[in-house]
Amino acid sequence: MKNAWVILGIVISFSHISCGNATKDKINTKMTNTESSHAQLETITFGAGCFWCVEAVYQRVKGVQKVVSGYMGGKMKNPSYRDVCTGLTGHAEVCQLTYDPKVVSFETLLEVFWQTHDPTTLNRQGADVGTQYRSAIFYHTAAQKAAADQWKQNLNAKRVFPNPIVTEIVAESTFYPAEDYHQDYFNQNGEEPYCKIVIKPKMDKFLKAFKDKLN
């Protein structure tokens with residue numbers, strides 16, 4: 001693992017406005033970038049709190065071909081956003097990434113993951129509270145699992161965060177894409193309070209820290 005110390009460079013921004021209370025009235029199905037038919041693409045699924053925030057970050061990473069917000073890790077089949085918001089289905093809000101490993105390494109995706117949320121708060125990101133907001137890496141390959149486990153172990157050993165990391169690292173399960181209005185949310189709803197108060201400050205820090213890895 002490289003550059004573990006840079007995690008300290010970003011201070012995560014939180015607000016008392018929660019993801020679940022933000023306006024959800026605009027519909028769109030737009031995804032990021034155009035998939036290359038010639039690339040050998042890979043998939044990873046991250047849970048890091050509200051999927052609107054996670055989506056907005058990874059949409060801007062060079063080499064990430066597509067980001068889809070959705071639900072994973074629960075028992076209910078075909079859950080709705082309302083179902084997941086109860087915290088009773090077992091699902092986490094996640095973003096499933098399709099990426100080109102020739103352009104962006106899995107190490108870089110992990111570095112972005114650790115830097116753009118607080119992996120030490122159990123079932124919580126700021127004002128978003130519940131198991132659906134848990135920190136999670138749903139790996140799709142054995143290599144992804146090994147890399148994620150090593151990062152977690154090393155970050156804890158170096159005490160990069162003041163508290164132990166609680167991120168769960170588990171095998172991917174059935175992925176349920178979220179409703180259309182959740183897709184491309186920040187790009188389509190940037191003037192809404194949640195986007196301006198919670199997502200934009202986090203985005204500004206992310207863009208500054210990773211400017212050499214952006215589209």
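Refer to the structure printed above.
Summarised in this report is the structure supplied together with it. Only a predicted model underlies this, so the values are computations on that prediction, with no experimental measurement involved. (Residues numbered from 1 in each chain as written. Predicted model: local features only at pLDDT ≥ 70, side-chain atom pairs only at ≥ 80, totals over all residues. Heavy atoms only, no water.)

1. Some details on the overall build of the protein chain
Secondary structure assignment for the protein chain yields six helices and eight strands. Burial analysis of the protein chain (215 residues in total) assigns 51% to the buried set. For the protein chain, contacts bridging at least 24 residues in sequence account for 83% of all contacts bridging at least 6. Summed over its atoms, the accessible surface of the protein chain is roughly 10200 Å², and 51% of this surface lies on carbon and sulfur atoms. (Helix = DSSP H or I, 4+ residues; strand = E, 2+ residues; numbered from the N terminus. Buried < 20%, exposed > 50% of the residue type's maximum accessible area, 1.4 Å probe, protein only. Contact = heavy atoms within 4.5 Å. Areas by Shrake-Rupley, 256 points an atom, 1.4 Å probe, with all protein chains shown as cover.)

2. Let's talk about the packing of aromatic side chains
The final tally for this structure, using the stated rule, is eight aromatic pairs. Relative to Tyr71, the ring of Phe51 has its centre 5.8 Å away and its plane inclined at 40°; by these criteria the two rings are tilted. Separated by 20 residues along the polypeptide, Phe51 in helix H1 (residues 51-58) and Tyr71 in strand E2 (residues 64-72) bring together distant segments of the chain. Aromatic rings pair up to connect Phe46, Tyr58, Phe113 and Trp114 into one cluster. (Phe/Tyr/Trp six-rings, centres within 6.5 Å; stacked < 30°, edge-to-face > 60°.)

3. Description of the sheet that holds strand E1 (residues 42-48)
Read from one edge to the other, the open sheet built from six strands follows the order E7-E6-E1-E3-E2-E8, with strand pairing classed as mixed. Edge positions in the open sheet fall to strand E7 (168-171) and strand E8 (176-177), since each of these has one partner strand only. Bridging between E1 and strand E3 (residues 92-99) involves five bridges; their strand directions are antiparallel. The residue of E3 that forms the bridge with Thr43 is Thr98. Contacting E1, E2 and E3, H1 crosses the sheet at an angle of about 170° to E2. Across the sheet, helix H3 (residues 106-115) lies against E1, E2, E3 and strand E6 (135-139), angled at about 10° from E1, the strand it touches most. (Pairing = 2+ DSSP bridges. Axes fitted to C-alpha atoms, helices over the stretch in contact; angles between N-to-C directions.)

4. With respect to the pairing of E1
Counting buried residues in E1 gives five out of seven residues, a clear majority hidden from the surface. Where E1 meets E6, four bridges bridge the pair, whose relative direction is antiparallel. In the sheet register, Gly47 faces E6, and the bridge partner there is Ala136.

5. What about the pairing of E6?
Judged by how many residues are buried, E6 sits mostly within the fold: five of five residues are covered. Burial along E6 is two-sided: the face carrying Ser135, Ile137 and Tyr139 and the face carrying Ala136 and Phe138 are both buried. Inspection of the sheet shows E6 paired to E7 by four bridges, in the parallel sense. Following the sheet pairing, Phe138 is matched in E7 by Val170.

6. Considering the pattern of salt bridges
Enumeration according to the criterion identifies five salt bridges in this entry. The partner of Glu168 in a salt bridge is Arg134, and the shortest N-O contact between them spans 2.9 Å. Placement of Glu168 in strand E7 and of Arg134 in the loop between strand E5 (128-129) and E6 is noted, with a sequence separation of 34 residues between them. For Arg134, a relative accessible area of 10% translates into the label buried. The closest approach of N and O atoms between Asp149 and Lys145, which form a salt bridge, is 2.7 Å. Of the two residues, Asp149 and Lys145 are both situated in helix H4 (residues 142-157); the distance of four residues between them amounts to about one turn of the helix. (Salt bridge = Lys/Arg side-chain N within 4 Å of Asp/Glu carboxyl O.)

7. Quick word on H1
For H1, the tally of buried residues reaches eight of eight residues, placing the bulk of the element in the interior. Within the span of H1, buried status applies to Phe51, Trp52, Cys53, Val54, Glu55, Ala56, Val57 and Tyr58.

8. Some points on the side chain of Gln132
Here Gln132 shows up in the loop between E5 and E6. The exposure class of Gln132 is buried, given its relative accessible area of 3%. A polar atom in the side chain of Gln132 sits 3.2 Å from the backbone oxygen of Cys85. (Polar contact = N/O pair within 3.5 Å; in protein donor to acceptor, adjacent residues only side chain to side chain.)

9. Topic: the packing of H3 against H4
A packed helix pair is summarised by two numbers, namely the angle formed by the two axes and the spacing between the axes. Close contact between H3 and H4 brings their axes to 11 Å; oriented N to C, the two are set at 45°. Considering the angle they form, H3 stands oblique to H4. When the axes of H3 and H4 are compared, the crossing they make is right-handed. Across from Phe106, Glu107, Leu110, Glu111 and Trp114 in H3, the residues of H4 making contact are Gln144, Ala147, Ala148, Trp151, Lys152 and Leu155. Looking at the contact of H3 with H4, its residues break down into seven nonpolar, one polar and three charged. (Parallel < 35°, antiparallel > 145°, perpendicular 65-115°, else oblique. Left-handed = near helix turned anticlockwise from the far one by under 90°. Nonpolar A, V, L, I, M, F, W, Y, C, P; charged D, E, K, R; others polar.)

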